[in-house]
Protein chains: 2
Amino acid sequence: MCPHSRFVRLALGEFGLHADLIEERVQDRRHDFLMLNPAGATPVLVEEPRTVVVGAGPISEYLDETRGEALGHARLIQGDPAERAEVRRLMDWFNVKFFTEVTNWLVHEKVTRRYLSAQEGGGGPDMDAVRVARANIRTHLSYIGWLAGSRNWLAGNHLSYADLAAAAQLSCADYLGDVPWAENENAKNWYARIKSRPCFRALLADRIAGMNPHPVYADLDF
Amino acid sequence: MCPHSRFVRLALGEFGLHADLIEERVQDRRHDFLMLNPAGATPVLVEEPRTVVVGAGPISEYLDETRGEALGHARLIQGDPAERAEVRRLMDWFNVKFFTEVTNWLVHEKVTRRYLSAQEGGGGPDMDAVRVARANIRTHLSYIGWLAGSRNWLAGNHLSYADLAAAAQLSCADYLGDVPWAENENAKNWYARIKSRPCFRALLADRIAGMNPHPVYADLDF
């Protein structure tokens, strides 16, 4: 349920790259993991023999620099510098702003705290925090709908990292049943398009132990 | 006192580019500014006639894409994809992690709240928040010292955006007298090197109305 890792998984899927996924319980602050990323956060991409790339933004730029040209017209960050800046603006919008205002609250309260001891801050969700996230997501959904209604994809004519970042964040909220899809037809149609891409399949098959997804989560015709 | 804007000013300085600076009171949510950046945050770079680039990360990539080659060996993000990923990792470290754990607390409590009405949350600083920031900065200073002690510059052999991002964040804390320089000689020496670069001069001349900088702020031999 780390949306940043989901973003990278979607990107790898679009590149047609296979990666072995290793789940990291970041709160354990495992020594070998901290050696890879002293910030102690996911995602971390390790490319054998010894390249380590840390963080959703750097990983997306790394994949583009090393494999982007091979994608041709399907490149996930393309166009002139201003168009590329727009992709990056929206990547940050979703990976930072949406995450801070929505996903982080929802995942922390509803998922992470289930797996923490009482000392670590575990327990049932703080519904005030959940309500804040649910209020915030409506603004984001409306912005996504506006973008999707005025452009082919969120950042312009082409599917880009911006779409993957938005979809990754939304997919976490959607698992938890916290996306009010009925409120915005444009946003819903855009998500339906991206959800039916092959890169999304693995995400839709994800299951958190002891916590089933909301019924619409894996439904392509939600 | 927006560290992200300071980072961009340092970058423009290294590129030898002049920009007209416009101060934006983001809490006013001015309509014309929201049209440039719906997130309502600084920095925003406008390049006439009509290119708008939003956010420290996208601006740094935009400057590199449009002017990077002209810098040659002084390019601020260079090397192979793994080396470039390291620059980006540290850019994120300082622009996101350091900002969240240190600068945001200090600037919000000590500066922003002076200019807010009581209704907006204005007033004297919450010293608990300031203490948290002061505790956190020690860890970051130690990490900077470790990087500076094992590399020529923070991300490797060359001055990079990583150094500018770290220096921009630190310069805000330094204005407020909240950097315990005596604790880490390597970090201090690295900061002295970057502080004496021409790009830093304009920052050292900055003054917040009614709030003088800490005595060491503009001192190159602190």
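What you are looking at is a predicted structure, and each value in this text was computed from that prediction instead of being measured. (Residues numbered from 1 in each chain as written. Chains lettered and ligands numbered in written order. Predicted model: local features only at pLDDT ≥ 70, side-chain atom pairs only at ≥ 80, totals over all residues. Heavy atoms only, no water.)

Q: How should the overall build of chain A be read in this particular structure?
A: Per the secondary structure count, chain A includes 8 helices and 2 strands. When the helices and strands of chain A are placed in sequence order, the string is α-α-β-β-α-α-α-α-α-α. Taken over the C-alpha trace, chain A has a radius of gyration of 17 Å; the compact-globule value for 222 residues is 17 Å, and the two agree within 12%. Structurally, chain A occupies a C-alpha span of about 50 × 45 × 30 Å along its principal axes. Residues counted as buried form 49% of the 222 residues belonging to chain A. At a minimum sequence separation of 6, the contacts of chain A that also span at least 24 residues come to 67%. Taking the average location of the 25 positive side-chain charges in chain A and that of its 29 negative ones, the two points are 3 Å from each other. (Helix = DSSP H or I, 4+ residues; strand = E, 2+ residues; numbered from the N terminus. Rg over C-alpha atoms; globule rule 2.2 N^0.38 Å. Buried < 20%, exposed > 50% of the residue type's maximum accessible area, 1.4 Å probe, protein only. Contact = heavy atoms within 4.5 Å. Lys, Arg positive; Asp, Glu negative; His and termini not counted. Charge placed at Lys NZ, Arg CZ, Asp CG, Glu CD.)

Q: Sorry if this is basic, but what is going on with the relation of the copies chain B and chain A here?
A: Here the two chain copies are tied together by a rotation about an axis and a shift along that axis. For the pair chain B and chain A, the best superposition has an RMSD of 0.0 Å and corresponds to a rotation of 180° with a translation of 0.0 Å parallel to the axis. The transformation just described matches what one would write down for a two-fold rotation axis. Comparing contact sets, 100% of the residues at the interface of chain B also lie at the interface in chain A, consistent with an isologous, same-surface contact. (Least-squares fit on C-alpha atoms with pLDDT ≥ 70 in both.)

Q: Mind showing me how you'd approach the interface of chain B and chain A here?
A: Interface size is often expressed as the accessible area that is lost when the parts come together. Taken together, the 20 residues of chain B in the interface contact 20 residues of chain A. Residue Arg84 of chain A pairs with Glu65 of chain B through a salt bridge whose shortest N-O separation is 2.8 Å. Elements supplying a minimum of two residues to the side of chain B that touches chain A: β2 (51–54), α3 (56–71) and α4 (81–110) of chain B. With 9 residues, α4 of chain B is the largest single contributor of residues to the side of chain B that touches chain A. Of the residues contributing to the side of chain B that touches chain A, the split by class is 11 nonpolar, 2 polar and 7 charged. (Salt bridge = Lys/Arg side-chain N within 4 Å of Asp/Glu carboxyl O. Nonpolar A, V, L, I, M, F, W, Y, C, P; charged D, E, K, R; others polar.)

Q: Would you explain the environment of Ala155 of chain B in this entry?
A: All names here are of chain B. Along the chain, Ala155 falls in the loop between α5 (127–150) and α6 (161–175). For Ala155, a relative accessible area of 15% translates into the label buried. Separated by 66 residues in the primary sequence, Ala155 and Arg89 place their C-alpha atoms 8.9 Å from one another.

Q: Quick question: what am I supposed to make of the packing of aromatic side chains here?
A: The description of an aromatic ring pair rests on the distance of the ring centres and on the angle between the ring planes. On inspection of all chains with the given rule, the structure shows 20 aromatic pairs over all chains. Ring plane angle 20° and centroid distance 4.6 Å describe the contact between Trp181 of chain A and Tyr191 of chain A, whose orientation is recorded as stacked. With Trp181 of chain A in the loop between α6 (161–175) and α7 (185–195) and Tyr191 of chain A in helix α7, the pair connects residues that are 10 residues apart, well separated along the chain. Trp181 of chain A gets classed as buried once you look at its relative accessible area, which sits at 7%. You can call Tyr191 of chain A buried: its relative accessible area is 0%. For the ring pair Trp93 of chain B and Tyr143 of chain B, a centre distance of 4.4 Å and an interplane angle of 35° mean the geometry is tilted. (Phe/Tyr/Trp six-rings, centres within 6.5 Å; stacked < 30°, edge-to-face > 60°.)

Q: Just to check I follow, could you spell out the pattern of salt bridges for this structure?
A: In this structure the tally under the stated criterion is 42 salt bridges over all chains. Note that Arg88 of chain A and Glu65 of chain B form a salt bridge whose closest N and O atoms lie 3.0 Å from each other. Here Glu65 of chain B lies in helix α3 and Arg88 of chain A lies in helix α4 (residues 81–110), a pairing that spans two chains. Taking relative accessible area as the criterion, Arg88 of chain A reaches 3% and is therefore assigned buried. It is possible to trace a salt-bridge network through shared partners that takes in Glu61, Asp64, Arg75, Arg84 and Arg88 of chain A together with Glu65 of chain B.

Q: I tried to follow the domain arrangement of chain A on my own but got confused; where do I start?
A: All names here are of chain A. When its domains are assigned, chain A resolves into domain 1 (3–74) and domain 2 (81–205). Once you take the C-alpha centre of each, domain 1 and domain 2 turn out to be 19 Å apart. Domain 1 puts 18 residues into the contact, and the matching count from domain 2 is 25 residues. At the boundary of domain 1 with domain 2, the tally comes to 5 residue pairs in polar contact (both at pLDDT 80 or more). Counting only elements with at least two residues in the side of domain 1 that touches domain 2, the list comes to α1 (3–15) and α3 (56–71). Per element, the largest residue contribution to the side of domain 1 that touches domain 2 is 10 residues, and it comes from α1. Here the side of domain 1 that touches domain 2 is built from residues that sort into 7 nonpolar, 5 polar and 6 charged. (Domains from an automatic or database assignment. Polar contact = N/O pair within 3.5 Å; in protein donor to acceptor, adjacent residues only side chain to side chain.)

Q: Sorry, what's going on with the pairing of strand β1 (residues 44–47) of chain A here?
A: Walk down a regular strand and you will see the side chains alternate between the two sheet faces. Residues and elements named next belong to chain A. Relative to strand β2 (residues 51–54), β1 runs antiparallel, the two being bridged by 4 bridges. Residue pairing across strands places Val46 opposite Val52, the latter belonging to β2. Hairpin connection, β1 to β2: the antiparallel pair is bridged by 3 residues. (Pairing = 2+ DSSP bridges.)

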